[in-house]
Amino acid sequence: MRIDVLTLFPEMCEGVFSTSIMGRAREKGLVQLQATNFRQFSTNKHSTVDDYPYGGGGGMVLKPEPIFAAVEHLMELTSMQPAQESTLLTDVQVSAASGIPEQDMSRDAGMKLRETGIDDSCHEDQVHSSSKAASPRIILMCPQGETFTQAKAEELAQEEHLIFICGHYEGYDERIREHLVTDELSIGDYVLTGGELPAMVIADAVVRLLPGVLGNESSAVTDSFSTGLLEYPHYTRPVEYRGWQVPDVLISGHHANVDKWRREQSLRRTWERRPDLLNKVELSAKERKWLQELKLQAVEARKD
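Described below are features of the structure shown in this document. Remember, it's a predicted structure, so these values are computed and weren't measured experimentally. (Residues numbered from 1 in each chain as written. Predicted model: local features only at pLDDT ≥ 70, side-chain atom pairs only at ≥ 80, totals over all residues. Heavy atoms only, no water.)

**Quick word on the nonpolar core**
Formed by 28 residues in total, the largest nonpolar core has its most connected members in Ile3, Met141, Leu156, Phe164, Ile202 and Val207. Secondary structure elements with two or more residues in this core: β1 (2-7), α1 (11-17), α2 (20-27), β2 (32-37), β5 (137-147), α7 (150-156), β6 (161-165) and α9 (196-207). Looking at which element gives the most residues to this core, the answer is α9, with seven residues. Setting aside anything within four residues of it in sequence, one finds Phe164 in contact with Ile3, Asp4, Val5, Leu6, Ile139, Met141, Ala199, Ile202 and Ala203. Core analysis: the second largest hydrophobic core is formed by 22 residues, Ala70, Ile163, Tyr172 and Val181 among them. (Core = buried A, V, L, I, M, F, W, Y, C linked by side-chain atoms within 4.5 Å. Buried < 20%, exposed > 50% of the residue type's maximum accessible area, 1.4 Å probe, protein only. Helix = DSSP H or I, 4+ residues; strand = E, 2+ residues; numbered from the N terminus. Contact = heavy atoms within 4.5 Å.)

**Quick word on α2**
Count 3.6 residues to each turn of an α-helix, and residues three or four apart come out pointing the same way. For α2, the complete set of buried residues consists of Met22, Gly23 and Ala25. Around the axis of α2, the buried residues are gathered within 160° of arc, so they sit on the same side. Looking at α2, the residues exposed on the side facing more than 90 degrees away from the buried face are Ser20 and Glu27. Among the structural elements, α1, β2 and α9 are those in contact with the buried residues of α2. Phi turns positive one or two residues past the end of α2, at Gly29, with a value near 80°. (Arc of directions from axis to C-beta.)

**Concerning helix α11 (residues 255-273)**
Here α11 is 19 residues long and its end C-alpha atoms lie 27 Å apart, about the 27 Å a rise of 1.5 Å per residue gives. Within the sequence span of α11, burial applies to Val258, Trp261, Glu264, Gln265, Ser266, Leu267 and Thr270. (Expected span 1.5 Å × (residues − 1).)

**A look at the sheet that holds strand β4 (residues 61-62)**
The three strands are arranged β3-β4-β7 in an open sheet whose pairing can be described as mixed. The open sheet has two free edges, formed respectively by β3 (50-51) and β7 (171-172), since each of these has just one partner strand. As paired elements, β4 and β7 share two bridges and run parallel to each other. Looking at the pairing, Val61 lines up with Gly171 of β7. (Pairing = 2+ DSSP bridges.)

That's the geometry; what it means functionally is another story.
Printed below as a string of structure tokens:
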């Protein structure tokens, strides 16, 4: 898999991309992680990427030209080279060079790349080939977007190429939404200063699902939300600590009883903390009865 982040602050991403599980996955060649400064694709001498909104109002709006040009550039690179050997044009490489090739910054901002390629006939064949080869999911980080979930992470983990667009202004020119992106995602109902942190959250959730990334392949399968329920409690040595004991069932060696306990604890924890999730999970008749008894016990406890 290849993950690109388009941002004005690529240095924000490098620390996350180069450490812990993501860093090891990158070193093993299981995923390519790259942050690119889209300011390098600005079409004006001042390298500005935002402007005042038509119709007035506060804040600045991200211009379409640098975003379209940056995405097209990434798509062209992936079409020209095998994914494992592709070298992206980073902000460091750009500053060392004479600048972005003019042809990469003169694209029409009103195109829909994913479906139709480039309207400019002199580039049409090249970009159509790029679209077919790479077929990236182009994801706009936006508080108006679909709320990110574990199910979405699993869906994105099946893709070969993800491109995240991270804004840092009042908003995006609507033509970016209408004619470029394939997805709009949010990580919650709150506002951050930019899309970089949400993009890294999503990238982390996706990368850990890739084959070979986690040391224990079952870890990703049993995590909270992967089964639709919150995860069961975990214990390790020592068996007793300050008078607190590990549940006997976990040290009994009886695997069927351990599995039963873990399932019941997942149900209990989900009911106590996120009861809304239970409406989305298929439960057996026995599990529904067990939950009903749990609820009755809670009611009786409150009476006492």
